[in-house]
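Here's the letter readout for the chains.
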Amino acid sequence: MKTIVVANQKGGVGKTTVARHLAFYGAEQGLRVLAVDMDVQGNFSTTFKAIADENGFAAEQAKNPKEVLVASRLFGKDDGTRPVPCAERLDYVEADSGIVEVERRNLEQVIAAGQKRFAGLSSSYDVCVVDTGPAVSNLLVVALSVGDFAVSPCKPDRDAIAGLAGFFSNVVRVRDETGINPKLAPLGVLPNQVSKGRAYHRDVLGDMRAHWGAGVMPVVLYERAAIDVAKDRPVWRTERGESRNVAAKEMKTVCSFIYKRMGL
Ligand SMILES: Nc1ncnc2c1ncn2[C@@H]1O[C@H](COP(=O)(O)OP(=O)(O)OP(=O)(O)O)[C@@H](O)[C@H]1O
Ligand SMILES: [Mg+2]
């Protein structure tokens, strides 16, 4: 199982949007996908709960709530709980309120338990997509500690660039300084909600590339109404609309690029 963590401590930059499309894309490619929501807001979970409902899996889960693996339990002892299936080749672990307590516990123990738990899940899945919340916190360090890869969606905005320094420093901390997770490979920053017609966006994107070099991905996501409505299905499966086809193509290009970089 290759685990990718979608992270940026800035809010509303497209983390959940990218995470859900990566999960959908992987399952459609025939990979066994595990989606893990580590953001207490639970937007990522809502998507998979809706799909589970649609596919009639939710009723099954309701029968055995004690067997359900929720995010906070990923960082404790293996208690036999399992991710919840919601579609073919797609299981999820929902965010629970306990996830915010995780970072208040002993960080070393939490990370050791998490790494063990993820290793235990790895034979059941090909890829795991982890969505994280918008905060500068140890929870981000915990998420990065279980990742093989990290990607950071980011809006083309001067303040967003400033915030990215925090993302890179967290990666360096987790990978190099503390040795918590030496295998973590940052895939870089994914510019999102880029507006083609806006000179400011072009300028900022240019600055980002000048500043971070190869740290900024060569692919981008544009601002598209069709992406905004694609919450419970990928944009390429939404109703045909003004920007659907072009948005679908762009999103698939990004997903395919990321999967290739992950060696999948
Ligand atoms: N390329 C895009 N085009 C149009 N709308 C987008 C695009 N990317 C994201 N959005 C919209 O922007 C909003 C924020 O996106 P999203 O929820 O993915 O951000 P986030 O980083 O996960 O936020 P948070 O930090 O709160 O978890 C959502 O309503 C989403 O539909
Ligand atoms: Mg989110």
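Residues numbered from 1 in each chain as written. Chains lettered and ligands numbered in written order. Predicted model: local features only at pLDDT ≥ 70, side-chain atom pairs only at ≥ 80, totals over all residues.

Structural notes on the site of ligand 1
Here is the rule: Any residue whose C-beta atom, as placed from the backbone, lies within 6 Å of a molecule or strand is termed near it. Strands are runs of DSSP state E lasting at least two residues, helices are runs of H or I lasting at least four, and both sets are numbered from the N terminus onward. Note on residue classes: Ala, Val, Leu, Ile, Met, Phe, Trp, Tyr, Cys and Pro are nonpolar, Asp, Glu, Lys and Arg are charged, and everything else, Gly too, is polar.
The local shell around ligand 1 holds 19 residues, among which Gly11, Lys15, Thr16, Thr17 and Pro134 are the closest. When residues of the shell around ligand 1 are traced back to their parent elements, those giving at least two are helix H1 (15-28) and helix H9 (225-229). Across the shell around ligand 1, the residue classes break down as 4 nonpolar, 10 polar and 5 charged.

Remarks on unusual backbone geometry
Worth spelling out the cut-off: Exposure classification rests on a simple neighbour count of other C-beta atoms within 10 Å of a residue's own: a residue reaching 20 or more is buried, one at 12 or fewer is exposed, and one in between is partly exposed. C-beta atoms are placed from the backbone.
Unusually for a residue other than glycine, arginine 89 sits at a positive phi of about 60°. Among the secondary structure elements, arginine 89 is positioned in the loop between strand E3 (84-87) and strand E4 (90-93). With a phi angle near 55°, glutamine 193 is a residue other than glycine that sits in the positive phi range. Considering the arrangement of structural elements, one finds glutamine 193 in the loop between strand E7 (185-191) and helix H8 (199-212). Overall, glutamine 193 belongs to the buried group, with 21 C-beta atoms counted inside 10 Å.

Describing the environment of methionine 251
Convention followed: C-beta atoms are first placed from the backbone for all residues, and any pair lying within 7 Å is then listed as a contact.
Among the secondary structure elements, methionine 251 is positioned in helix H10 (residues 244-261). Considered as a pair, methionine 251 and glycine 215 are 36 residues apart in the sequence and their alpha carbons are 19 Å apart. In this view, methionine 251 contacts His21, Leu221, Ile227, Val235 and Trp236; residues no more than four positions away in its chain are not counted.

Remember, this is a structural readout, not a statement about activity or role.
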